[in-house]
Amino acid sequence: MSKRIILCVAALAVSYAAVSQVRVGVKGGLNLANISVNNDGTVDNNKTYPSYHVGVIADMPLIQNVLSFQPGVFYSSKGAKLESGNKGTPSVTDPYSKYTTNPRYIEVPLNFVGKIPISSDCRLFAGIGPYFAFGVGGKNKYEFNNGVVNTSGKSDIEWDDDTPFNNDDPNQGRNKYRRFDWGGNVMVGAEISHFLVSAQYGLGFNKINSGEESSSDNKNKNRVFGISVGYLF
């Protein structure tokens, strides 16, 4: 019995020590967002849309100073733009037009982060893991000017409330976006004392357009390169 008590106390002590090492923090920065245009997942760099992300993270050591599990919750603004013509001197023969789409998500990354200690308060790190996202808003905007007609407008993004397990939603349509998105993240960076600086790339695996998956229509997926700064308390 005494051995069991000792083992239980030891297990509680280890659990408490592990929890006490967990740190939480804030993180945010720039998104350079795009949407793939080909079935192989490539993008047109001219369509990159600058936006942002902001949220909270936790750093849970699995192997102290070597490997951590880093979940988070972010508000992330994504999208793409399509622009043509000369905005400064539009004409009937060379009109200017611009269309932007800016879906916004609550995103949950689940990253495993390996760390390389450089000094007592500096570590380089690299991470990889999946993300899951839920569309919560966003707008589509357009501008057109041909020197005679100058017009612009915007509309809220319409979401198809599909689920990852059901393609039979009667409200699905090509004019709507799927509310659920998921994909993978890779990132590299440095942790200096309590501060974080990182660069990451998010690769969406789910088509953003509503409708069933098709082998002949596998494009229009989120692609986001981000630069972040953060602070772990």
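Just so we're clear, the structure is a prediction, and the values are computed from it rather than from any experiment. (Residues numbered from 1 in each chain as written. Predicted model: local features only at pLDDT ≥ 70, side-chain atom pairs only at ≥ 80, totals over all residues. Heavy atoms only, no water.)

**Brief notes about the confidence of the model for the protein**
- Taken as a whole, the protein shows an average pLDDT of 87; of its residues, 82% reach a score of 70 or greater.
- Ignoring residues within four places in sequence, the model shows residues 9-18, a span with pLDDT below 50, making zero contacts including any to other chains. (pLDDT = per-residue confidence, 0-100. Contact = heavy atoms within 4.5 Å.)

**Looking at the environment of Y142**
- For Y142, the location among the structural elements is in strand β6 (residues 122-145).
- Classification of Y142 as partly exposed rests on a relative accessible area of 42%.
- Each C-alpha atom, one on Y142 and one on T101, is 9.0 Å from the other, the two residues being 41 residues apart in sequence.
- In this view, Y142 contacts K98, Y99, T151, S152, G153 and K154; residues no more than four positions away in its chain are not counted. (Helix = DSSP H or I, 4+ residues; strand = E, 2+ residues; numbered from the N terminus. Buried < 20%, exposed > 50% of the residue type's maximum accessible area, 1.4 Å probe, protein only.)

**Notes on the nonpolar core**
- Listed in full, the nine residues of the largest apolar core are I35, A80, Y105, Y131, A133, I157, W159, Y177 and I208.
- Not counting the four nearest positions on each side in its chain, Y177 is found in contact with T101, P103, N140, I157, E158, W159, D160, I208, N209 and S210.
- I57, V113, L196 and L232 belong to the second largest nonpolar core, which has seven residues in total. (Core = buried A, V, L, I, M, F, W, Y, C linked by side-chain atoms within 4.5 Å.)

**A few points about unusual backbone geometry**
- Residues other than glycine seldom take positive phi values, yet N65 does so here, at roughly 65°.
- Inspection of the secondary structure puts N65 in the loop between β2 (49-63) and β3 (67-77).
- Non-glycine residue N220 carries a positive phi angle of around 60°.
- Its location among the elements puts N220 in the loop between β11 (195-207) and β12 (221-232).

**Some points on the pattern of salt bridges**
- A full pass over the atoms with the stated rule returns seven salt bridges.
- Among the salt bridges present, the one from R23 reaches E191, with a minimum N-O distance of 2.6 Å. On the criterion of sequence distance, the pair formed by R23 in strand β1 (residues 23-35) and E191 in strand β10 (residues 180-192) is long-range, its members being 168 residues apart.
- Across the pair E107 and K78 runs a salt bridge, and its minimum N-O distance is 2.7 Å. Remark: K78 occurs in the loop between β3 and β4 (80-84) and E107 occurs in strand β5 (residues 96-119); sequence separation between them is 29 residues. Exposure class is identical for E107 and K78. Each is buried.
- Three or more residues are tied together by salt bridges with common partners; here these are R23, D59, K115, R123 and E191. (Salt bridge = Lys/Arg side-chain N within 4 Å of Asp/Glu carboxyl O.)

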